[in-house]
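# Notes for the structure review
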Amino acid sequence: MDFDLILKNGTIITLDPDNPEYRWIGIKDGKIAAAGTRDDCAGNARSVIDLKGNPVIPGFADVHVHGFMTGQNLSAVDLRNVTCIDEVLHLLAERAKEVPPGGLVHGIGLKSEAIKEKRMPTRHELDTVCPDHLCAVYHTSVHGLSVNTLTLNRIGVLDHPELMGDYADEIKEGILLQDQTGTMAFDELFGKADEETVKGYAKKCCEYAASKGCTTIHALNGTDIESRGPIWEKVKDELCIHSLNMWETWDVQAAKSIGLPRVGGCLLLDGARALFQAAYSKPFLNHPDTRGLLYCSDFEVYNFVYEAHKNNMQIGMHAMGDRAIDQLIYIIDSVTKQLGDKGLRHRIEHFSYPTERHIEMAAELQLALPMQPIWCEIWDDPNDSVFAPMLGEEVAADNEPFRKLVEAGCMVGSSSDSPVTPIDPIKNLHILVNNPREVRRVSVTDALKISTYNGAWIGHEETERGNLVLGKYADMVVVDRNPYVSPEKIKDTNVLLTISEGHIAYQNPNFPL
């Protein structure tokens, strides 16, 4: 048989229980056409890749990526490792030297709750290094930001006292912690980009994802600027890897009109834990005047879910705390009982703190659960937990309960929520296998499934991709370390080659063909 591409002389981990491992694989027309368990590849090919003993695993799926935002933020100032506001200001000042006056200087990834001052910078502090630039610093959750005086005046939020509410003092200091004011800021800072520029963001996002071993991303587009949702549909065939577009709009008919079988994504039912916005049943211990916020009424959520379900469309909505999860999961249950189970696999994005009953319902309703293992490392390392002082040790430990979910039969998908955290499926894989909290720790096989096959299932694509089975798309990644060998070192794994639908989407310079 003649192939377009053959990979040989490697350990090919398939995640197919019937054929768990191959030594070679033949690809034709973008799909897996043949494979074998011995080093006697039967056939010729236009291209042959000698794996030199390196392992191959199914391509990773990141099922919650803010696509356009990721692309545009790849050039932002990285503030993830700063320890104080002076370091923030120094990095912004260095970037300002490269940007003409009036241009944008922005940073992402500031974990304000972990720096010396335990707060976001004020507009006056930002003015000292960026008096003549637009300037914004995003909290690592992307649910809050600080801006300088020039930017605050451009946004115009001070002209809308009805939006300020209990946050008036913070807003006057340039600290915007409400999602509504954050959206106003985003529109001012990034909303004027033309369509070709926005398409470029999509391409940059996918190129970066491919370099990390992703062959599929679920691109959530519209929370920032709703009108951008359809642009992804226009550019998706030009991208280097496969993607599914989720238009983050409440308008079900608009999403249906462009041919999407899904709608929503990060439609916010609550906010971020680190900013005391996630809706929990009990008050935050270090902010006892709040239990977080429910952003939407039951009536609004019900109407959206009902309309989508009636039109046979999968929905996605952001719910972190148990109160937000409770609101959404019971509405999904109610609508499913009214209109029938259509196998739509509705998505609850994040699903951070479910109760035991929520876990049972998620399994019974066959819900899709895009979650973020990396958050455990950022906010809840038992030796340096941000969440424990906020929630209490017991509640903090029960957030992101991956093992419970897997044991209950829930379909968890791995994701980054990029640009909240960078796309890095190998780090997520490592955290799933090696988490210091037992309630989050799963086997290597389950972690691989969460990172690959489950993503295909969430997208209704498990018959086409997700594991290395004859007839499925040739989505795979060549790595330099077998995850089953010394799994405690998964984090040290490097991506050597990413193959999406049979073509090379990324090649590590240190892996010559």
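Below or above, wherever it landed, is the structure these notes cover. (Residues numbered from 1 in each chain as written. Predicted model: local features only at pLDDT ≥ 70, side-chain atom pairs only at ≥ 80, totals over all residues. Heavy atoms only, no water.)

### With respect to the overall build of the protein
A count of helical and extended segments in the protein gives 20 helices and 25 strands. Here the C-alpha atoms of the protein give a radius of gyration of 23 Å, agreeing with the 24 Å that 2.2 N^0.38 yields for 513 residues. Principal axes of the C-alpha set define a box for the protein whose edges measure 70 × 55 × 50 Å. Across the 513 residues in the protein, those meeting the buried criterion constitute 60%. Here the protein displays about 20000 Å² of accessible surface, and carbon together with sulfur accounts for 48% of that area. Averaging the locations of the 49 positively and 74 negatively charged side chains of the protein gives two centres separated by 3 Å. (Helix = DSSP H or I, 4+ residues; strand = E, 2+ residues; numbered from the N terminus. Rg over C-alpha atoms; globule rule 2.2 N^0.38 Å. Buried < 20%, exposed > 50% of the residue type's maximum accessible area, 1.4 Å probe, protein only. Areas by Shrake-Rupley, 256 points an atom, 1.4 Å probe, with all protein chains shown as cover. Lys, Arg positive; Asp, Glu negative; His and termini not counted. Charge placed at Lys NZ, Arg CZ, Asp CG, Glu CD.)

### Concerning the packing of aromatic side chains
Scanning the model with the defined rule gives 10 aromatic pairs in all. Measuring from centroid to centroid gives 6.0 Å for W379 and F387, while their planes differ by 25 degrees, and the two rings are stacked. The pair W379 / F387 is uniform in exposure class, with both members buried. The ring of Y473 has K31 lying over it, and the distance from NZ or CZ to the ring centre is 4.9 Å. (Phe/Tyr/Trp six-rings, centres within 6.5 Å; stacked < 30°, edge-to-face > 60°. Lys NZ or Arg CZ within 6 Å of the ring centre and 35° of its normal.)

### Topic: the sheet that holds strand β9 (residues 77-78)
As summarised here, the arrangement of the 5 strands in space is β9-β10-β11-β12-β13, forming an open sheet in which the pairing is mixed. The sheet is open, and its two edges are formed by β9 and β13 (175-176), each paired on a single side. Relative to strand β12 (residues 145-147), strand β11 (residues 134-139) runs antiparallel, the two being bridged by 3 bridges. What sits directly across from A136, in β12, is V147. Each of β9, β10 (104-110) and β11 is contacted by helix α2 (residues 85-96), which is oriented at about 145 degrees to β10, the strand it contacts most. Along the sheet, helix α7 (residues 179-190) makes contact with β10, β11, β12 and β13, crossing β11 at roughly 135 degrees. (Pairing = 2+ DSSP bridges. Contact = heavy atoms within 4.5 Å. Axes fitted to C-alpha atoms, helices over the stretch in contact; angles between N-to-C directions.)

### Things to note about the environment of A35
Along the polypeptide, A35 turns up in strand β5 (residues 31-36). Judged by relative accessible area, which is 25%, A35 ranks as partly exposed. In the structure, A35 is positioned 433 residues away from L468 in sequence and 9.6 Å away in space, judged by C-alpha atoms. Setting aside its immediate chain neighbours within four residues, A35 contacts Y22, W24, I25 and L470.

### Section: the sheet that holds strand β6 (residues 44-50)
Neighbouring strands of a sheet are bound in pairs by backbone hydrogen bonds; such pairs are parallel or else antiparallel. Reading across the sheet, the 4 strands line up as β5-β4-β1-β6 and stay open at both edges, with mixed pairing between neighbours. Both outer strands of the open sheet, β5 and β6, are each paired with one neighbouring strand and no more. Direction aside, neighbouring strands of the sheet carry axes that sit 25 degrees apart on average. Where strand β4 (residues 24-28) and β5 come together, 5 bridges link them in antiparallel fashion. Bridged to I27 within β5 is I32.

### Digging into the environment of E488
When you line up the elements, E488 lands in the loop between β23 (476-479) and β24 (495-500). It is 31 Å that separates the C-alpha atoms of E488 and G71, two residues lying 417 residues apart in sequence. Leave out the neighbours within four places in its chain, and E488 touches H430 and N434.

### Looking at the packing of helix α11 (residues 298-310) against helix α12 (residues 322-339)
Where α11 meets α12, the axes come as close as 9 Å, and the angle between the chain directions of the two elements is 40 degrees. In terms of axis orientation, α11 runs oblique to α12. Both α11 and α12 take part in a crossing whose hand is right-handed. Each of D298, V301, Y302, V305, Y306, H309 and K310 in α11 lies in contact with α12, whose residues at this interface are Q327, L328, I331, I332, S334, V335, T336, Q338 and L339. Residues of the contact of α11 with α12, tallied by class, amount to 9 nonpolar, 5 polar and 2 charged. (Parallel < 35°, antiparallel > 145°, perpendicular 65-115°, else oblique. Left-handed = near helix turned anticlockwise from the far one by under 90°. Nonpolar A, V, L, I, M, F, W, Y, C, P; charged D, E, K, R; others polar.)

### Topic: α2
The end-to-end C-alpha distance of α2, which contains 12 residues, comes to 16 Å, matching closely the 16 Å that a straight helix rising 1.5 Å per residue would cover. Listed in full, the buried residues belonging to α2 are I85, V88, L89, L92 and A96. Here the buried residues of α2 occupy an arc of 95 degrees about the axis, which is enough to place them on one side. (Expected span 1.5 Å × (residues − 1). Arc of directions from axis to C-beta.)

### Here we look at helix α8 (residues 195-211)
Its 17 residues place the ends of α8 25 Å apart at the C-alpha level, agreeing with the 24 Å of an ideal helix rising 1.5 Å per residue. Within α8, the full set of buried residues consists of V198, K199, Y201, A202, C205, C206, A209, A210 and S211. Along its buried surface, α8 packs onto β8 (60-65), α1 (67-73), β14 (214-221), α9 (229-235), β24 and β25 (503-507). Backbone nitrogen of E196 and a side-chain oxygen of the N-cap are separated by 3.3 Å at the start of α8; the cap is D194. Where α8 ends, the next residue or the one after it, G213, has phi of about 100 degrees, a positive value. (Polar contact = N/O pair within 3.5 Å; in protein donor to acceptor, adjacent residues only side chain to side chain.)

### Structural notes on empty space enclosed by the protein
The full count for this structure, using the stated rule, is 5 cavities of 30 Å³ or more. Estimates place the volume of the largest cavity at around 100 Å³. Forming the walls of the largest cavity are 15 residues, and the residues nearest its centre are G59, T216, R465, G466 and D475. For the lining of the largest cavity, the secondary structure elements donating two or more residues are β14 and α20 (453-458). (1 Å grid on protein atoms, 1.4 Å probe; cavity = no way out; pocket = protein on both sides within 12 Å on 5 of 7 lines; lining within 4 Å. Points joined across faces, edges and corners; volume = space filled by probe spheres on them.)

### Let's talk about the side chain of D475
Tracing the chain through its elements places D475 in the loop between α20 and β23. By relative accessible area, which is 5% here, D475 ends up buried. Side-chain polar atoms of D475 contact the side chain of R465, separated by 2.7 Å. Residues contacting D475, with those up to four places away along its chain left out, are P58, G59, T215, T216, R465, L468, I499, S500 and E501.

### What to know about the environment of G174
Relative to the assigned elements, G174 resides in the loop between α6 (168-172) and β13. Distance in space between the C-alpha atoms of G174 and I329 is 36 Å, their sequence separation being 155 residues. Dropping the residues within four chain positions of it, G174 is found in contact with R123, L145, S146, V147 and L152.

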